[in-house]
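Structural features, examined
Listed below, chain by chain, are the residues.
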Amino acid sequence: MSDQIAENLSAIRSRIIQACETSGRPATDVGLVAVSKFHPQDAVEAALKAGQRVFGENRVQEAASKFPALRETWPDLRLHIIGGLQTNKAVDACRIADVIETLDRPALSDALEKAAEKTGRLPELLIQVNTGNEPQKSGIPRDEADAFIKASMLRFGAKVRGLMCIPPEDEDPAPHFHFLTQLAQRHGLPVVSMGMSADFETAIAEGATLVRVGSAIFGSRPMTGS
Ligand SMILES: *Cc1c(COP(=O)(O)O)cnc(C)c1O
């Protein structure tokens, strides 16, 4: 298993470099978030041994069971929470995450502010935009994004680093990626997190600075709905 993960990681890194070259961007522009949700701690460890340091998890509870122990051996690992965050998980998220990619509503801002006071720690924040305005998906709706981004930057200052999106599954993702990059630029935000196993090269062409890749590194996920 660990050989396979190392091999997959190396293939993804090459594809990222190639996609950067194709769009005339320096390869250092784009970071890789290895999405390890539903995969065991062993799989994360294999990726760490292969040099990967940035990981994404959907659920705070699952992340809390895997990552704190790994940090003891790999103090420079970075954990991103990339799934919709319930307000009652804000304290745990502040304790364990380096980046929360899914700030998407005022109630969560309130909860994170309180959680930061309680824990003395506030992760970096990305604002998730529901670029397709899909009712079942988290993310601030498209036409409320400008106001929410401004309010979040006022409230959290430089902790707000950028934007994140997951385009609708049945549409060409490119226009969604394009929209998100423009929106980030308009607000002077440097981080744009978009693109997954199936479309990260398109995302890089459209300006992604972080791609979140799961199954192409760790294999398909057992028992998931997502
Ligand atoms: C699962 C997930 C990914 C990774 O998806 P793959 O298709 O396995 O690469 C990326 N982003 C989010 C928000 C996810 O939930």
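Residues numbered from 1 in each chain as written. Predicted model: local features only at pLDDT ≥ 70, side-chain atom pairs only at ≥ 80, totals over all residues. Heavy atoms only, no water.

The next thing to look at is the overall build of the protein. What the protein contains, in helices and strands, is 9 helices and 9 strands. What you see for the protein is a C-alpha radius of gyration of 17 Å, in line with the 17 Å of a compact globule of 226 residues. Taking the principal axes of its C-alpha atoms as reference, the protein extends roughly 45 × 40 × 30 Å. Here the protein holds 226 residues, and 50% of them are scored as buried. (Helix = DSSP H or I, 4+ residues; strand = E, 2+ residues; numbered from the N terminus. Rg over C-alpha atoms; globule rule 2.2 N^0.38 Å. Buried < 20%, exposed > 50% of the residue type's maximum accessible area, 1.4 Å probe, protein only.)

What follows concerns the site of the ligand. For the ligand, the set of nearby residues contains 13 residues, the closest of which are Lys37, Ser197, Gly214, Ser215 and Arg221. Contacts to the ligand include Ser215, whose backbone N or O atom sits 2.8 Å from an oxygen atom. Against a free-state accessible area of 390 Å², the protein chains account for coverage of 91% of the ligand. Among the residues forming the shell around the ligand, the class breakdown is 6 nonpolar, 4 polar and 3 charged. (Near = heavy atom within 4 Å. Polar contact = N/O pair within 3.5 Å; in protein donor to acceptor, adjacent residues only side chain to side chain. Areas by Shrake-Rupley, 256 points an atom, 1.4 Å probe, with all protein chains shown as cover. Nonpolar A, V, L, I, M, F, W, Y, C, P; charged D, E, K, R; others polar.)

Once that is clear, we can look at the pairing of strand E4 (residues 99-103). Counting buried positions along E4 yields 5 of 5 residues, so the element is predominantly enclosed. Pairing geometry for strand E3 (residues 78-81) and E4, over 2 bridges, is parallel. Residue pairing across strands places Ile81 opposite Ile100, the latter belonging to E4. The parallel pair E3 and E4 is bridged by helix H4 (residues 90-96), and the resulting crossover is right-handed. The parallel pair E4 and strand E5 (residues 124-130) is bridged by helix H5 (residues 106-119), and the resulting crossover is right-handed. (Pairing = 2+ DSSP bridges. Right-handed = clockwise from strand over helix to strand, strands pointing away.)

This part covers the UniProt feature "modified residue: N6-(pyridoxal phosphate)lysine" (unreviewed entry) in the protein. UniProt's entry tags Lys37 with the feature "modified residue: N6-(pyridoxal phosphate)lysine" (unreviewed entry), counted in the numbering of this structure. Examined against the element boundaries, Lys37 turns out to sit in the loop between strand E1 (31-35) and helix H2 (41-49). (UniProt positions renumbered as here; feature names shortened; annotations may be inferred.)

Moving on, we come to the packing of aromatic side chains. This model, assessed by the stated rule, comprises 1 aromatic pair. Aromatic pair Phe55 and Phe67: ring centres 5.8 Å apart, planes at 50°, arrangement tilted. With Phe55 in strand E2 (residues 54-57) and Phe67 in helix H3 (residues 60-73), the pair connects residues that are 12 residues apart, well separated along the chain. Side by side, Phe55 and Phe67 carry an identical accessibility label, which is buried. The aromatic ring of Phe179 is capped on one face by Arg142, whose charged end is 3.7 Å from the ring centroid. (Phe/Tyr/Trp six-rings, centres within 6.5 Å; stacked < 30°, edge-to-face > 60°. Lys NZ or Arg CZ within 6 Å of the ring centre and 35° of its normal.)

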